[in-house]
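This is what each chain is made of:
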Amino acid sequence: MDDHDDHTDHGHDVEGLARVTSPMQDFSMSQVGIGFAVLAVGLVVAFALPLLAA
């Protein structure tokens with residue numbers, strides 16, 4: 001009763017794929033720095049501004 005006959009290999013070979021997910025990609029230290037900067041701004045907006053406004 002299994003109608004799914006697609007038995008393709010779903011390995012981790014990323015060549016030829018149009019979309020690659022983040023855990024499979026390399027990232028640079030500048031991208032890490034940008035991520036931490038975005039995190040810091042988000043934390044200020046979420047916590048510091050409401051505390052200052054109170």
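Residues numbered from 1 in each chain as written. Predicted model: local features only at pLDDT ≥ 70, side-chain atom pairs only at ≥ 80, totals over all residues. Heavy atoms only, no water.

S.K.: How do you make sense of the overall build of the protein chain when you look at a structure like this?
M.R.: Along the backbone of the protein chain there are 1 helix and 0 strands. Accessible surface, the protein chain: about 5400 Å² in total, of which carbon and sulfur atoms supply 64%. (Helix = DSSP H or I, 4+ residues; strand = E, 2+ residues; numbered from the N terminus. Areas by Shrake-Rupley, 256 points an atom, 1.4 Å probe, with all protein chains shown as cover.)

S.K.: Would you mind showing me how to read a nonpolar patch on the surface here?
M.R.: Together, Val 41, Val 44, Val 45, Leu 49 and Leu 52 make up a nonpolar patch on the protein surface, roughly 490 Å² of accessible area in all. The exposed category is assigned to Val 41, whose relative accessible area is 53%. (Patch = residues over 30% accessible without salt bridge, like charges linked within 9 Å, V, L, I, M, F, W, Y side chains within 5 Å. Salt bridge = Lys/Arg side-chain N within 4 Å of Asp/Glu carboxyl O. Buried < 20%, exposed > 50% of the residue type's maximum accessible area, 1.4 Å probe, protein only.)

S.K.: Mind showing me how you'd approach helix H1 (residues 29-53) here?
M.R.: Residues spaced three or four apart along an α-helix point in a common direction, a consequence of the helix completing one turn every 3.6 residues. Counted at 1.5 Å a residue, the expected span for H1 with its 25 residues is 36 Å, and the 35 Å between its end C-alpha atoms agrees. Taken as a whole, H1 carries its principal kink of about 35 degrees at Val 44. (Expected span 1.5 Å × (residues − 1). Bend = angle between axes of the 7 residues up to and from the residue.)

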